[in-house]
Amino acid sequence: MRKAVFPGSFDPITLGHVDIISRSLPLFDEIIIAIGINAKKKYMFSIEERKRFIQNAFFAEQKITVETYTGLTVDYCKSINADFILRGLRNPADFDFEKAIAQTNRKLSGIETVFLLTSAETSYISSSIVRDIVKNNGDASSLVPKTVAEYFNKE
Ligand code: ADP
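A brief structural summary.

Each value, and the rule that gives it
Position labels on residues start from 1 in each chain and follow its written sequence. In keeping with the predicted nature of the model, local features appear solely for residues at pLDDT of at least 70, side-chain atom pairs appear and are counted solely at 80 or more, and the whole-chain, interface and lining totals rest on all residues. Computation of side-chain values covers all heavy atoms of the structure but excludes hydrogens and water. We define a salt bridge as a contact between a side-chain nitrogen of Lys or Arg and a carboxyl oxygen of Asp or Glu at a distance within 4 Å. Segments assigned H or I by DSSP are reported as helices when at least four residues long, segments assigned E as strands when at least two residues long, and all are numbered from the N terminus. Buried residues of nine kinds, namely Ala, Val, Leu, Ile, Met, Phe, Trp, Tyr and Cys, make up a nonpolar core once their side-chain atoms join them within 4.5 Å. Burial status follows relative accessibility: with a 1.4 Å probe on protein chains alone, a residue under 20% of its type maximum counts as buried, one over 50% as exposed, and anything between as partly exposed. Two residues qualify as a contact provided that any one of their heavy atoms is within 4.5 Å of a heavy atom in the partner residue. Put simply, a residue is near a molecule or strand once any heavy atom of it comes within 4 Å of that molecule or strand. Contacts described as polar in this section are N or O atom pairs within 3.5 Å, which, within protein, must combine one atom able to donate a hydrogen with one able to accept it, while residues neighboring in sequence count only if both atoms come from side chains. Accessible areas in this description were obtained via Shrake-Rupley with a 1.4 Å probe; residue shielding takes into account the shown protein chains only. Residues are grouped as follows: Ala, Val, Leu, Ile, Met, Phe, Trp, Tyr, Cys and Pro are nonpolar; Asp, Glu, Lys and Arg are charged; every other residue, Gly included, is polar.

1. Here's the deal with the pattern of salt bridges
Line of reasoning, step 1. By the definition in use, this model includes five salt bridges.
Line of reasoning, step 2. Asp 19 is the salt-bridge partner of Arg 23, the closest N and O atoms lying 3.0 Å from each other. Of this pair, Arg 23 and Asp 19 are both found in helix H1 (residues 15–24), four residues apart, which corresponds to roughly one turn of the helix.

2. Some thoughts on the nonpolar core
Line of reasoning, step 1. In terms of nonpolar packing, the biggest core is built from 30 residues, with Ile 13, Ile 33, Ile 54, Phe 58 and Phe 152 touching the most fellow members.
Line of reasoning, step 2. Among the secondary structure elements, those contributing two or more residues to this core are strand S1 (3–8), H1, strand S2 (30–36), helix H2 (47–57), strand S3 (64–69), strand S4 (84–89) and helix H6 (146–154).
Line of reasoning, step 3. Broken down by element, the residue count for this core peaks at four residues, all from H6.
Line of reasoning, step 4. When residues no more than four places from it in sequence are discounted, the contact partners of Phe 58 are Ile 13, Val 18, Ile 21, Ser 22, Ile 33 and Ile 64.
Line of reasoning, step 5. One finds Val 5, Ile 32, Ala 34 and Ile 85 within the second-largest nonpolar core, a separate group that totals 10 residues.

3. Here we look at the site of the ligand
Line of reasoning, step 1. Around the ligand, the structure places 17 residues, and the nearest of them are Ser 9, Gly 88, Thr 118, Thr 122 and Ile 125.
Line of reasoning, step 2. Between Ser 9 and the ligand, the recorded distance is 2.8 Å, taken from a side-chain N or O atom to an oxygen atom.
Line of reasoning, step 3. Here an oxygen atom of the ligand and a side-chain polar atom of His 17 are 3.1 Å apart.
Line of reasoning, step 4. Across the complex, the protein chains shield 87% of the 550 Å² of accessible surface that the ligand would expose by itself.
Line of reasoning, step 5. Elements that contribute at least two residues to the shell around the ligand include exactly S1, H1, S4 and helix H4 (92–109).
Line of reasoning, step 6. Considering only residue class, the shell around the ligand consists of five nonpolar, seven polar and five charged.

4. Re the environment of Leu 108
Line of reasoning, step 1. Tracing the backbone through its elements, the reader meets Leu 108 in helix H4.
Line of reasoning, step 2. Its relative accessible area of 54% is what places Leu 108 among the exposed residues.
Line of reasoning, step 3. The spacing of Leu 108 and Asp 75 is 33 residues in sequence and 9.6 Å in space, taken between C-alpha atoms.
Line of reasoning, step 4. Discounting residues that sit within four places of it in the chain, Leu 108 has contacts with Val 74 and Lys 78.

Structure (structure tokens):
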């Protein structure tokens, strides 16, 4: 049973995340999209909103569940018997950041991080750009799943 955790803030989920998650489906039997809660971090969307956005985007997908966690990602993985962490890479800055974390996580726990390279069509998308657009009343609907875009339009 190949169980992977895809950890992140998902503030909000974007088509970049969707791309990575969709392409990882053939690799794993179960994928837990895990929203990390950091009390010190300011988020634009509440934990309930972020969870609902992800659930709506993948409601028909049996392999996917959405959870929240606090503390170290490796501790969370161990608590649910997940052997893999899934992450996406967009650019050299992502690589530098992710390399140290993945190596540390493997040292601490033996858990392997599996990286998928971003697709050309979604490599420029980030949650922070989406938040900027939304904050300034712009139209971010081409960067997020349809259900999230509908939610933005209702606000
Ligand atoms: P975090 O705060 O942990 O970086 P994010 O929600 O920003 O959380 O990102 C979660 C994961 O999704 C990270 O591995 C990030 O590199 C990946 N990701 C975000 N946007 C994209 C994208 N456009 N293409 C590929 N991977 C992405």
